[in-house]
Amino acid sequence: RFRAARAKRALLVLSSQRKSSTIIQKAARGFLARMYRKEQLAAAVIIQRATREMMTRTNNKVKNFAATEIQRIWRGFSVHVDFMLQVMAAMRIQASIRCFLKKKTLYRTARTAKMLQE
């Protein structure tokens, strides 16, 4: 009887200790899982920040390249237009001079012919 009671008591203490250790393990594992989750969340935030910064830099580079290209094309076009206007002005001046010289030679020829006829 005494041994049986002692064994029973030892079994109850052992069972109580197992329950206690299970509760402690449960709390420890929960704590570790929460810490792991917190670390994972912090890592995800760092990755997201880095990704956003990279995307912003890339987007800024694309916008800068596009703006530079637009400026380059516009400047080339405006220089071309200015050049063509100068060419057209030079052609008008040349045409006016040729017309003037033709009229002058025509006038001289007409005057010479008139003098010869008189």
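Residues numbered from 1 in each chain as written. Predicted model: local features only at pLDDT ≥ 70, side-chain atom pairs only at ≥ 80, totals over all residues. Heavy atoms only, no water.

1. Regarding the overall build of the chain
Stage number 1. Each helix and strand counted, the chain has 1 helix and 0 strands in total.
Stage number 2. Its C-alpha atoms give the chain a radius of gyration of 50 Å, clearly above 13 Å, the size a compact globule of 118 residues would have.
Stage number 3. Counting only C-alpha atoms and orienting by the principal axes, one finds that the chain spans roughly 170 × 10 × 10 Å.
Stage number 4. Out of the 118 residues belonging to the chain, those deemed buried represent 0%.
Stage number 5. When the accessible surface of the chain is summed, it comes to about 11700 Å², and 65% of that surface belongs to carbon and sulfur atoms.
Stage number 6. Charged side chains in the chain number 27 positive and 5 negative. The centres of these two groups are separated by 26 Å. (Helix = DSSP H or I, 4+ residues; strand = E, 2+ residues; numbered from the N terminus. Rg over C-alpha atoms; globule rule 2.2 N^0.38 Å. Buried < 20%, exposed > 50% of the residue type's maximum accessible area, 1.4 Å probe, protein only. Areas by Shrake-Rupley, 256 points an atom, 1.4 Å probe, with all protein chains shown as cover. Lys, Arg positive; Asp, Glu negative; His and termini not counted. Charge placed at Lys NZ, Arg CZ, Asp CG, Glu CD.)

2. Side note on the pattern of salt bridges
Stage number 1. Summed over all chains, the structure comprises 1 salt bridge.
Stage number 2. Notably, a salt bridge pairs Glu-69 with Arg-72, separated by 2.8 Å at the nearest N-O pair. Of this pair, Glu-69 and Arg-72 both sit in helix H1 (residues 2-117), 3 residues apart, which is roughly one turn of that helix. (Salt bridge = Lys/Arg side-chain N within 4 Å of Asp/Glu carboxyl O.)

3. Here's the deal with the environment of Arg-111
Stage number 1. With respect to the element layout, Arg-111 can be found in helix H1.
Stage number 2. Owing to a relative accessible area of 45%, Arg-111 belongs among the partly exposed residues under this scheme.
Stage number 3. Note: C-alpha distance between Arg-111 and Ala-10 (101 residues apart in sequence) is 148 Å.

Purely geometric numbers; function is a separate question.
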